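Given next are the chains, with one letter for each unit.
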Amino acid sequence: MTTFADKPTLTGKLVVLRPMVADDTEHMWADLHDAETIRLTGSHGTFERRQLEQWCASRIEQTDRLDLAVTDRSTGEWAGEVVINDWDPDNRSCGFRIALGPAARNRGLGTEATQLVVDYVFDQIDDPPVNRLSLEVYDLNPRGLAVYEKVGFRSEGVLRQALLWAGDFHDAMVMSIIRADRSL
Ligand SMILES: CC(C)(COP(=O)(O)OP(=O)(O)OC[C@H]1O[C@@H](n2cnc3c(N)ncnc32)[C@H](O)[C@@H]1OP(=O)(O)O)[C@@H](O)C(=O)NCCC(=O)NCCS
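Bear in mind that the values here come from a model prediction, so they are computed numbers and not experimental data.

> How should the pairing of strand β6 (residues 132–138) be read in this particular structure?
Across a regular strand the side chains alternate sides, sitting on one face of the sheet and then on the other. Counting buried positions along β6 yields five of seven residues, so the element is predominantly enclosed. In this sheet, β6 lies alongside strand β5 (residues 93–100) in parallel orientation, the contact comprising three bridges. By the bridge assignment for β6, Gly95 is matched with Ser134. Regarding the hand of the β-α-β motif, the stretch spanning β5, helix α4 (residues 109–123) and β6 is right-handed. Sheet topology places β6 next to strand β8 (residues 168–178); seven bridges connect them, and they run antiparallel. Residue pairing across strands places Leu133 opposite Ile177, the latter belonging to β8.

Here's what the structure looks like:
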């Protein structure tokens, strides 16, 4: 039986996804302060370094979510993080998010990391099986949208003007994959 308490290492051609650890704090800290990452994820919050370290160190203990470091397989270097969260066992649904650092983008790593996690969630988690995986992506992030469509997420609605960024409102697209999509 596999649940979100299990922390896998997933290996693709370009990336290796592995459980997050305290030593990832430095890279996470850098990414969280990257202006483009902040804009594309619409992040308004601030973080304290100590809190972030505790966050990274404690991901391995979480039983209702998955926080994996994305590493570049060719170098072993940190590329970013991918997260399964908001696990709702009653409805067998969960959420997805990903953020790669500046050096890792536009090289196919995000597409492969997303595909690996989607496959893991639907094909390996079985106690209970996941039926729905959803995400939100802002209209200022066409690359994110392209990657999610490529991997099989379908747009299912728009949260109008959900984000206020630099004085402008932006829509958030809600996208999902449900188990039935996987057999089409
Ligand atoms: C979004 C993200 C995960 C994508 O991963 P990536 O490794 O950069 O993307 P990939 O190289 O795998 O693929 C990018 C695809 O988008 C396409 N693309 C790039 N810029 C684009 C644009 N402005 N408009 C449309 N498509 C675009 C590329 O052509 C490519 O598609 P292709 O393989 O069919 O040619 C990554 O860029 C990232 O984490 N960005 C910062 C944070 C973020 O945006 N997180 C997501 C929040 S919802």
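And the narrative resumes.
> Would you take a moment to explain the pattern of salt bridges for this structure?
Two side chains with opposite charge may pair up if their charged atoms get near one another. What the rule picks out here adds up to 11 salt bridges. The partner of Asp34 in a salt bridge is Arg105, and the shortest N-O contact between them spans 2.9 Å. Residue Asp34 is located in the loop between α1 (25–32) and α2 (35–40), and its partner Arg105 is located in the loop between β5 and α4; the two are separated by 71 residues in the primary sequence. Classification of Asp34 by relative accessible area gives buried; the value is 17%. A relative accessible area of 15% places Arg105 in the buried class. Where Glu156 meets Arg132, a salt bridge forms, and the shortest distance between an N and an O atom there is 2.8 Å. Remark: Arg132 occurs in strand β6 and Glu156 occurs in strand β7 (residues 154–165); sequence separation between them is 24 residues. When its relative accessible area of 41% is taken as the criterion, Glu156 is described as partly exposed. Here the residues in one salt-bridge network are Arg59, Arg65 and Asp67, joined through shared partners.

> For this particular structure, what's the right way to read the layout of surface pockets?
Rolled over the atoms, a probe as big as a water molecule pinpoints where empty space is left. Taken as a whole, the largest pocket holds about 1200 Å³ of empty space. What lines the largest pocket is a set of 49 residues, and nearest its centre among them are Thr41, Arg97, Ile98, Ala99 and Tyr148. Mapped onto the lining of the largest pocket, the elements with two or more residues apiece are α1, α2, α3 (49–58), β4 (78–88), β5, α4, β6 and α5 (142–151). Among the residues forming the lining of the largest pocket, the class breakdown is 20 nonpolar, 19 polar and 10 charged.

> Please explain the side chain of Asp24 as it appears in this structure.
Tracing the chain through its elements places Asp24 in the loop between β2 (15–19) and α1. Within the local environment of Asp24, its side chain forms a polar contact with the side chain of Arg18, the two groups lying 2.7 Å apart. Look past the residues within four positions of Asp24 in its chain and what remains in contact with it is Arg18, Pro19, Cys56, Ala69 and Trp78.

> Looking at this structure, how should I read the site of the ligand?
Taken together, the neighbourhood of the ligand is formed by 22 residues, with Leu100, Gly110, Thr111, Asn141 and Lys150 sitting nearest. Here an oxygen atom of the ligand and a backbone polar atom of Asn106 are 2.8 Å apart. Arg107 has a polar backbone atom sitting 3.2 Å from an oxygen atom of the ligand. Coverage of the ligand by the protein amounts to 71% of the 950 Å² it exposes when considered alone. Most atoms of the ligand, that is more than half of them, are within 2 Å of grid points of the largest pocket. Elements with a contribution of two residues or more to the shell around the ligand: β5, α4, β6 and α5. In terms of residue count, α5 provides more of the shell around the ligand than any other element does, seven residues in total.

> Help me out: how do you make sense of the packing of aromatic side chains in this one?
Pairs of aromatic rings are described using the distance from one ring centre to the other and the angle between the two planes. Considering all chains together, one arrives at four aromatic pairs under this definition. For the pair Tyr148 and Phe153, a centre-to-centre distance of 5.8 Å together with 70 degrees between the ring planes defines the contact as edge-to-face. Judged by its relative accessible area of 9%, Tyr148 falls in the buried class. Members of the aromatic cluster, connected to one another through ring pairs, are Phe96, Tyr148 and Phe153. One residue, Arg59, lies across the ring of Trp55, its end atom 3.4 Å from the ring centre.

Parameters at a glance
- Residues numbered from 1 in each chain as written.
- Predicted model: local features only at pLDDT ≥ 70, side-chain atom pairs only at ≥ 80, totals over all residues.
- Heavy atoms only, no water.
- Buried < 20%, exposed > 50% of the residue type's maximum accessible area, 1.4 Å probe, protein only.
- Helix = DSSP H or I, 4+ residues; strand = E, 2+ residues; numbered from the N terminus.
- Pairing = 2+ DSSP bridges.
- Right-handed = clockwise from strand over helix to strand, strands pointing away.
- Salt bridge = Lys/Arg side-chain N within 4 Å of Asp/Glu carboxyl O.
- 1 Å grid on protein atoms, 1.4 Å probe; cavity = no way out; pocket = protein on both sides within 12 Å on 5 of 7 lines; lining within 4 Å.
- Points joined across faces, edges and corners; volume = space filled by probe spheres on them.
- Nonpolar A, V, L, I, M, F, W, Y, C, P; charged D, E, K, R; others polar.
- Polar contact = N/O pair within 3.5 Å; in protein donor to acceptor, adjacent residues only side chain to side chain.
- Contact = heavy atoms within 4.5 Å.
- Near = heavy atom within 4 Å.
- Areas by Shrake-Rupley, 256 points an atom, 1.4 Å probe, with all protein chains shown as cover.
- Sits in = over half its atoms within 2 Å of the grid points.
- Phe/Tyr/Trp six-rings, centres within 6.5 Å; stacked < 30°, edge-to-face > 60°.
- Lys NZ or Arg CZ within 6 Å of the ring centre and 35° of its normal.

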